[in-house]
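Commentary on secondary and tertiary structure
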Amino acid sequence: MTAPHDPRDPLTGALSAAGIACAAVALLYLPIAFGVAGILLGVAGHARGESLGRWAALAAAAAMAAGTALGALLAA
């Protein structure tokens, strides 16, 4: 098994990338569900040593807040 930060590992950064994708989706569709999923994926990526894991978690949290606010504005 390769180390978490091994650049030869084809899945290096996969959790962070999935977290960022969830953050993008959370802006317009189910912000709570996709925001939480993005945060969890970002934290898991950070725990594996991925450099973008922390940023993915922060982006998902911001997108969740923005998506919730946008949904509240559009519903009013």
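Details of the structure are given in the entry above.
We now turn to the structure provided with this report. (Residues numbered from 1 in each chain as written. Predicted model: local features only at pLDDT ≥ 70, side-chain atom pairs only at ≥ 80, totals over all residues. Heavy atoms only, no water.)

1. Focus: helix 1 (residues 14-26)
Here helix 1 contains 13 residues, and its C-alpha end-to-end distance of 18 Å stays within 8% of the 18 Å for a straight helix at 1.5 Å per residue. Among the residues making up helix 1, those that are buried are Ser-16, Gly-19, Cys-22, Ala-23 and Ala-26. Buried residues of helix 1, viewed axially, fall in a sector of 120°; they line one side. Looking at the buried residues of helix 1, the elements they touch are helix 2 (31-47) and helix 3 (53-75). (Helix = DSSP H or I, 4+ residues; strand = E, 2+ residues; numbered from the N terminus. Expected span 1.5 Å × (residues − 1). Buried < 20%, exposed > 50% of the residue type's maximum accessible area, 1.4 Å probe, protein only. Arc of directions from axis to C-beta. Contact = heavy atoms within 4.5 Å.)

2. Thoughts on a nonpolar patch on the surface
On the surface, a cluster of nonpolar side chains totalling about 720 Å² of accessible area is made up of Val-25, Leu-27, Leu-28, Tyr-29, Leu-30, Leu-70 and Leu-74. Of note, Leu-30 is situated in the loop between helix 1 and helix 2. (Patch = residues over 30% accessible without salt bridge, like charges linked within 9 Å, V, L, I, M, F, W, Y side chains within 5 Å. Areas by Shrake-Rupley, 256 points an atom, 1.4 Å probe, with all protein chains shown as cover. Salt bridge = Lys/Arg side-chain N within 4 Å of Asp/Glu carboxyl O.)

3. Quick word on the packing of helix 1 against helix 2
Each pair of packed helices gets described by two things: the angle between the helix axes and the distance between those axes. Put simply, helix 1 and helix 2 touch, their axes get as near as 8 Å, and they point 160° apart. In terms of orientation, helix 1 and helix 2 fall into the roughly antiparallel class. Relative to helix 2, helix 1 is oriented so that their crossing is left-handed. Each of Leu-15, Ser-16, Ala-18, Gly-19, Cys-22, Val-25 and Ala-26 in helix 1 lies in contact with helix 2, whose residues at this interface are Pro-31, Phe-34, Gly-35, Ala-37, Gly-38, Leu-41, Ala-44 and Gly-45. In terms of residue class, the contact of helix 1 with helix 2 is made up of ten nonpolar, five polar and no charged. (Axes fitted to C-alpha atoms, helices over the stretch in contact; angles between N-to-C directions. Parallel < 35°, antiparallel > 145°, perpendicular 65-115°, else oblique. Left-handed = near helix turned anticlockwise from the far one by under 90°. Nonpolar A, V, L, I, M, F, W, Y, C, P; charged D, E, K, R; others polar.)

4. Let's talk about helix 2
For helix 2, with 17 residues, the first-to-last C-alpha span of 24 Å sits near the 24 Å given by 1.5 Å per residue. Among all positions of helix 2, only Pro-31, Gly-35, Gly-38, Gly-42 and Gly-45 are buried. The arc that holds the buried residues of helix 2, viewed along the axis, is 95°, so those residues lie on one side. Away from its buried face by more than 90 degrees, helix 2 exposes Ile-32, Leu-40 and Ala-47. On its buried face, helix 2 is in contact with helix 1 and helix 3. Phi turns positive one or two residues past the end of helix 2, at Gly-49, with a value near 95°.

Nothing here speaks to function; it is geometry throughout.
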